[in-house]
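Survey of secondary and tertiary structure
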Amino acid sequence: MAKPTSDRRWAFDTLAIHAGQAPDPQSGAVMPPIVLASTFAHERLGAHRGFEYGRTGNPTRNTLEACLAALEGGSEALAFGSGCAAITALLQTLRPGDHVVACDDVYGGTFRLLDKVFGPLGVVTSWVDMTDLDNVRAALRDDTALVWIETPTNPMLRIIDIAAVAKISHAAGALVGVDNTFATPALQRPLKLGADVVAHSMTKYLNGHSDVIGGALITSDEPLAERLRFIQNAAGAVLSPFDSFLVLRGLKTLPLRMERHCASAASLAAWLEGRPEVERVFYPGLPSNPQRALAARQMSAFGGMISAVIRGGLPAVEAFLGSVELFTLAESLGGVESLIEHPATMTHGSVPRAQREAVGVVDGLVRISVGLEREADLRADLVRALEATALA
Ligand SMILES: *Cc1c(COP(=O)(O)O)cnc(C)c1O
């Protein structure tokens, strides 16, 4: 009996479990084997079974790539050793003199990559607030090769209209890439909205258990896929077989995990908004959020991330972060466990103060990754920490 693999008839939850994963033909193993071999036997000169050398192709990694392609609705996916490696591979398709338009409220590592690595190689980046489409129109030039969107943005959780930016950018002849790490394909499918390529840090929700560093690119643009496949092999920043297996395992529960992340985050965000110690809450699903309608149009739920400004500046934030017990003070997000971090000094420490404050990353801002613990326990932990800010 044929197993559902990447068949588009199947629902997202079904694909998360089955896409690309027929039982192993040799043993019947229901879960994909971890193939660790670095090299593969040729049957005779010029004849092999599709695998030659582990950097070029690996059965476990290929299985993950097939699953990722199905989940994002692309024809091809490529797995890399980190989210930054995936974005690097995409930027390596550019040439000196190429222009990039990127959203200003971008992941700190993406900023660093464009500014400090690709800038000196001749790639020029314009940083714009893409929540205003006129800024995108004004920034596009004849030599703009790539428009880079992150939505929801990190850490301000602003929403960028993917379909609108794609339309404007395509009219100007630029490719459109979306970093879909925060939303995941469970909530948002950028390729369907008109993007050309999707990037992920699989380190976050896709793996979901905070035990892998990995990244991916997904596209349906065949020439781009071919170029990226060439770069993946030539530059060699591939994901290991073992990590590929772990992400495959994590993906099986992605739809379930996202449901719970979103439900708890929505409830905590609404509750935080009513607390006197909190100046402002950023969550796309809040009725008070002016971008709620746009978020609802392109996302099926509002995500598991919340940002909030604590009253009292740095001393209050220090007291707050020093008082949480269940939330771990750590960078990263998207795992089963709840994390909390301070963007100004942690994830966005490499962004110049003036630039980060301009987008809202002030000293009082904290970013919360709502995990899968019982929501009442998370709330109790936050109550204790918020009460501690009054004493600061
Ligand atoms: C973490 C992250 C990255 C970088 O991914 P790594 O796996 O840490 O290299 C890129 N984009 C976003 C939105 C992220 O959160």
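Here, residues in each chain are numbered from 1, in the same order as that chain's written sequence. Local features in a predicted model are, by the rule used here, given only for residues with pLDDT of at least 70; side-chain atom pairs are given and counted only at 80 or more, and totals for whole chains, interfaces and linings are based on all residues. Excluding hydrogens and water, the side-chain values take into account all heavy atoms of the structure.

**Observations regarding the site of the ligand**
Consider each residue's heavy atoms; a residue with any of them within 4 Å of a molecule or strand counts as near. As a structural note, the neighbourhood of the ligand is formed by 13 residues, with C84, D179, S201, T203 and K204 the closest of them. The term polar contact refers here to a pair of N or O atoms within 3.5 Å; inside protein, the definition further demands a hydrogen-donor-capable atom paired with an acceptor-capable atom, and it admits residues adjacent in sequence only when both atoms are side-chain atoms. C84 is positioned with one of its backbone polar atoms (N or O) 2.8 Å from an oxygen atom of the ligand. The contact in question runs from an oxygen atom of the ligand to an N or O atom on the side chain of K204, over 2.7 Å. The Shrake-Rupley method, run with a 1.4 Å probe, gives the accessible areas here. Residue values count only the displayed protein chains as cover. Protein burial of the ligand: of its 380 Å² of free accessible surface, 93% is covered by the chains. Note on residue categories: nonpolar means Ala, Val, Leu, Ile, Met, Phe, Trp, Tyr, Cys or Pro, charged means Asp, Glu, Lys or Arg, and polar means any other residue, Gly included. Class assignment of the residues belonging to the shell around the ligand gives a composition of 4 nonpolar, 6 polar and 3 charged.

**Some words on the domain arrangement of the protein**
Either an automatic procedure or a domain database provided the assignment from which the domain bounds are taken. Annotation of the protein at the domain level lists domain 1 (12–251) and domain 2 (255–391). Look at where the C-alpha atoms of domain 1 and domain 2 centre, and you get two points 26 Å apart. Facing 39 residues of domain 1, the contacting portion of domain 2 comprises 38 residues. Buried area is calculated as the accessible area (1.4 Å probe) missing from two parts once they are joined, with the contributions of both summed. For the domain 1 and domain 2 pair, buried surface summed over both sides reaches about 3,100 Å², with 61% attributable to carbon and sulfur atoms. When a carboxyl oxygen of Asp or Glu is within 4 Å of a side-chain nitrogen of Lys or Arg, the pair counts as a salt bridge. Taken together, domain 1 and domain 2 are joined by 1 salt bridge. One salt bridge in this structure joins R297 and D161, with 3.3 Å as the shortest N-O distance. Here, two residues are considered to be in contact whenever any of their heavy atoms come within 4.5 Å of each other.

**A short note on the packing of aromatic side chains**
Aromatic rings from Phe, Tyr and Trp, taking only the six-membered ring of Trp, are treated as a pair when their centres fall within 6.5 Å; an angle between ring planes under 30 degrees marks them as stacked, one over 60 as edge-to-face, and anything in between as tilted. Per the counting criterion, the structure on display carries 2 aromatic pairs. When the ring of F40 is compared with that of F51, the centres are 5.5 Å apart and the planes differ by 40°; the resulting orientation is tilted. Remark: F51 occurs in the loop between α1 (12–18) and α2 (59–72) and F40 occurs in the loop between α1 and α2; sequence separation between them is 11 residues. Only protein chains enter the accessibility calculation, which uses a 1.4 Å probe; a residue whose area is less than 20% of its type maximum is buried, one above 50% is exposed, and one in between is partly exposed. On the accessibility criterion, F40 (15% relative accessible area) is buried. Relative to W127, the ring of F111 lies with its centre 5.0 Å away and its plane at 50°, an arrangement referred to as tilted. In this pair, F111 sits in helix α4 (residues 108–118) while W127 sits in strand β3 (residues 124–128), placing the two residues 16 residues apart along the sequence. Helix numbering and strand numbering both begin at the N terminus, where a helix is a DSSP run of H or I of at least 4 residues and a strand a DSSP run of E of at least 2.

**Notes on the sheet that holds strand β9 (residues 305–310)**
Reading across the sheet, the 5 strands line up as β8-β9-β12-β11-β10 and stay open at both edges, with mixed pairing between neighbours. Each of the sheet's edge strands pairs with one partner strand only, and the pair in question is β8 (278–282) and β10 (328–329). Between N-to-C directions, angles cover 0 to 180 degrees, with each direction set by a line fitted to C-alpha atoms, over the stretch in contact for helices. Its contacts with the sheet put helix α11 (residues 313–323) on β9, β10, β11 (339–341) and β12 (365–369), and the angle it makes with β9 is roughly 130°. A pair of strands is treated as paired once DSSP finds two or more bridges between them.

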